[in-house]
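# Coordinate analysis (summary)
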Amino acid sequence: MKDPYQVLGVPRSASDEEVKKAWRDLARKYHPDNYAGSAQAAGYEEIMKEINEAYDAIQKERAAGNRGGAESSPGYSSYTSSGTTSFPEVRRLINEGNYDKARFIIESTPASDRGAEWHFLMGWLLYQSGQYADAARHFEVACYLDPTNAEYRNARAGMQSQAADYGSAYRTVGTSGEDCLSGDICGLCSTLVCCDSCCECMGGDLIRCC
Amino acid sequence: MYGYVRPHIPELKVGEYERYRAVYCGLCRSMGRLTGQASRISLSYDMTFFAAVRMILEGVEPHFVPVRCPAHPMRRRLTAEDNPALAVTAAVSAVLFGEKNRDDLRDGRGIALLKPVLRAPLCGHMERRAVKSGLLPSGFGEEIAGHLSRLTAAERAGCPSSDETAGIFGDAMAAAFSAGMEGDAAKEARIFGGAAGRFVYLCDAADDLPGDNEAGRYNPLLAGWGELALDGGRLSPMVRDSLTAAVPLMLTPMGEAAGRLDPAHPLTPVVRNIVYLGLPAVLRRVLAGEGAGADGKDGFGSP
């Protein structure tokens, strides 16, 4: 196996925070989702696997005591590994639509346990209650803490695509008064001709003279 | 007010732009008449939007006349003649301006106090004339002051939820927009006011973020995001992305309300332009660190 420090491009003396930052940057850059559908997607999956393995190896090595180092990210707790669910009860309550109880459990979680998943679930609950600015913040932080998690990225992308639709009504609402029935005389005539043709197809006749 | 609620001028038809400008000028004249000439300094794009929405919801048909004024002495400009909607907007504007000045007096330190101190007598005069006009419902000033003091308390407590603080400001604007209205019109006006207030508050927070950080002042985004709010002294990409996603969703009720406006009213296209295009354009500029947009920057000059 390659030297994990080399893979992440950091020296052995790098702090935990520097290692995490290097891993995050690489994960953002090489995440297969960024290349979905392209021929290189499989190659990037391999690279991503290597990056994750290198990060895990350094984490394990440091946890085993080869080198100490405390997390230094005030305000945000450490990375929660993707794939493990720390809040099954909250997820169950959200699925059942019991948002109040889910919110209570989430809000009473001690600050030390508030990892990526906590931010994701908090964002989800806030989104449900229409607190969009705070929801978007929590989704962003969840993705920041765990950039490889597809669930968090999808939640963020969902909000972004909903937001992108805003303003499209300008064209439809703004031009609603110019449809065939209330527009110019040409529009009116062609509408009548169309209606007449349809009537004739059905055996009737709307305008006798044509 | 702040000037964040403005149209996206390149997408306005010439006639729509003329009408918008006429409402802007008409509001300025109404302010001069109702609350004194000096009160014209409280004129803003936000209040022009307010006046246009009020005219549509109350079914007030504006009459436009060419008028010469001290600001434009050379050429007569199309101006909306005084009407009840413009008069109420002028009165509300005076009260909001007075409340904002009181807020600046409370929070200001050192040289920042100079402006509000000098303005205080003018604000008192404006507010007295607005109240004496009888256009505002009784207790209106107290209601606005109540919302703003709630906001001050949340800000002093370092509230990390920008939805909460923006919501309180939205409540104040909802009360201002719907002042003196009843029934469905009041309900619609509250939707416009609430969303516009939230929008203005968040834009102001994003605009002031670097300055507030340096000065150590409260800022809702700083309180929520902590060290992730800034990146090299500017708004971090994460804050930009989150507001780009959240603000349009927050504006959606107002977008729906704009779709319900009377399509035959001459100001409806301008209001829809502001709601659907103007606000997203302002948000983009604010998040890019360019401010709400200097007059004339878009090549079309100020109204």
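Let us look at the structure shown here. (Residues numbered from 1 in each chain as written. Chains lettered and ligands numbered in written order. Predicted model: local features only at pLDDT ≥ 70, side-chain atom pairs only at ≥ 80, totals over all residues. Heavy atoms only, no water.)

## Some remarks on the overall build of chain A
Helix and strand counts for chain A stand at ten helices and zero strands. In chain A, the order of α-helices and β-strands from amino to carboxyl end is α-α-α-α-α-α-α-α-α-α. Within chain A, buried positions represent 37% of all 210 residues. Long-range pairs, those at least 24 residues apart, make up 56% of the contacts in chain A between residues at least 6 apart in sequence. Carbon and sulfur atoms make up 55% of the accessible area of chain A, which totals about 11800 Å². (Helix = DSSP H or I, 4+ residues; strand = E, 2+ residues; numbered from the N terminus. Buried < 20%, exposed > 50% of the residue type's maximum accessible area, 1.4 Å probe, protein only. Contact = heavy atoms within 4.5 Å. Areas by Shrake-Rupley, 256 points an atom, 1.4 Å probe, with all protein chains shown as cover.)

## A short note on the state of the cysteines
All names here are of chain B. Taken as a whole and assessed by the stated rule, the structure comprises zero disulfides over all chains. Not engaged in a disulfide, the cysteine C203 finds its nearest cysteine sulfur in C159; these two sulfurs lie 18 Å apart. C203 gets classed as buried once you look at its relative accessible area, which sits at 1%. (Disulfide = S-S within 2.5 Å.)

## Notes on a nonpolar patch on the surface
Residue and element names in this part refer to chain B. Residues I111, L114 and L118 make up a contiguous nonpolar surface patch of roughly 370 Å² in combined accessible area. When you line up the elements, I111 lands in the loop between α3 (84-107) and α4 (114-132). Overall, I111 belongs to the exposed group, its relative accessible area being 71%. (Patch = residues over 30% accessible without salt bridge, like charges linked within 9 Å, V, L, I, M, F, W, Y side chains within 5 Å. Salt bridge = Lys/Arg side-chain N within 4 Å of Asp/Glu carboxyl O.)

## A word on the packing of aromatic side chains
Summed over all chains, the structure comprises eleven aromatic pairs over all chains. Through successive ring pairs, a cluster of aromatic residues spans B:F49, B:F50, B:F177 and B:F192. Of note, A:R24 hangs over the ring of A:Y144, and the distance from its end group to the ring centre comes to 4.2 Å. (Phe/Tyr/Trp six-rings, centres within 6.5 Å; stacked < 30°, edge-to-face > 60°. Lys NZ or Arg CZ within 6 Å of the ring centre and 35° of its normal.)

## Considering the environment of A:C189
Residue and element names in this part refer to chain A. Relative to the helices and strands, C189 resides in helix α10 (residues 185-201). Judged by its relative accessible area of 43%, C189 is partly exposed. The spacing of C189 and R24 is 165 residues in sequence and 63 Å in space, taken between C-alpha atoms.

## Thoughts on the packing of α3(B) against α4(B)
All names here are of chain B. The interhelical angle for the contact between α3 and α4, taken along N-to-C directions, is 150 degrees, at an axis separation of 9 Å. Judged on the interaxial angle alone, α4 and α3 are roughly antiparallel. Seen along the crossing, α3 lies across α4 with a hand that is left-handed. Mapping the contact onto sequence places A91, A94, V95, F97, G98, E99, N101, R102, D104 and L105 in α3 and P116, V117, R119, A120, C123, M126, E127 and A130 in α4. (Axes fitted to C-alpha atoms, helices over the stretch in contact; angles between N-to-C directions. Parallel < 35°, antiparallel > 145°, perpendicular 65-115°, else oblique. Left-handed = near helix turned anticlockwise from the far one by under 90°.)

## With respect to the interface of chain B and chain A
In this assembly, 31 residues from chain B lie in contact with 25 residues from chain A. Counting the surface lost from both chain B and chain A, the interface buries some 2400 Å², and carbon and sulfur atoms represent 64% of this. Linking chain B with chain A are zero salt bridges. Linking chain B to chain A there are eight residue pairs in polar contact (both at pLDDT 80 or more). Where the side of chain B that touches chain A is concerned, the elements lending two or more residues are α6 (162-177), α8 (220-225), α9 (237-259) and α10 (268-287) of chain B. The class makeup of the residues in the side of chain B that touches chain A is 15 nonpolar, ten polar and six charged. (Buried area = accessible area lost by both parts, 1.4 Å probe. Polar contact = N/O pair within 3.5 Å; in protein donor to acceptor, adjacent residues only side chain to side chain. Nonpolar A, V, L, I, M, F, W, Y, C, P; charged D, E, K, R; others polar.)

## As for the nonpolar core
Core analysis: the biggest nonpolar cluster contains 128 residues, and A:M159, B:F49, B:V92, B:F192, B:F199, B:V271 and B:V275 have the highest contact counts within it. Sorting elements by how many residues they give to this core places helix α7 (residues 183-215) of chain B first, with 14 residues. (Core = buried A, V, L, I, M, F, W, Y, C linked by side-chain atoms within 4.5 Å.)

## A look at the side chain of B:H147
Within the secondary structure, B:H147 sits in helix α5 (residues 140-156). Not counting residues up to four positions away in its chain, the partners in contact with B:H147 are B:I168, B:D171, B:A172 and B:A175.

## Some remarks on the pattern of salt bridges
This model, assessed by the stated rule, comprises 19 salt bridges over all chains. Measuring nitrogen to oxygen at the nearest pair gives 3.0 Å for the salt bridge that ties B:E99 to B:R102. Here the residue B:E99 and the residue B:R102 both occupy positions in helix α3, the gap between them amounting to three residues, near one helical turn. Since its relative accessible area comes to 9%, B:E99 is described here as buried. Taking relative accessible area as the criterion, B:R102 reaches 36% and is therefore assigned partly exposed. A salt bridge links B:R150 to B:D171; the nearest nitrogen and oxygen atoms lie 3.3 Å apart. Pair noted here: B:R150 is in helix α5 and B:D171 is in helix α6, with a separation of 21 residues, a long-range link. Accessibility expressed as a relative area gives 27% for B:D171, which makes it partly exposed. Taken together, the salt bridges that share partners define one network made up of A:E89, A:R92 and A:E96.

## Brief notes about a negative patch on the surface
A cluster of like negative charges, contributed by A:E45, A:E46, A:E53 and A:D56, occupies part of the molecular surface. By the element assignment, A:E45 lies in helix α3 (residues 41-63). (Lys, Arg positive; Asp, Glu negative; His and termini not counted. Charge placed at Lys NZ, Arg CZ, Asp CG, Glu CD.)

## Observations concerning α4(B)
Residue and element names in this part refer to chain B. In this model α4 runs 28 Å from its N-terminal to its C-terminal C-alpha over 19 residues, within 8% of the 27 Å that 1.5 Å per residue would give. Taking the largest bend as the criterion, α4 deviates by roughly 45 degrees, centred on A120, and proline P121 comes between one and four positions later. Every buried residue belonging to α4 is among P116, L122, C123, M126, E127 and A130, and all of these are buried. Looking at the packing, one finds that the buried side of α4 touches α1 (14-35) and α3. Downstream of α4 by one or two residues, G134 has phi in the positive range, about 75 degrees. (Expected span 1.5 Å × (residues − 1). Bend = angle between axes of the 7 residues up to and from the residue.)

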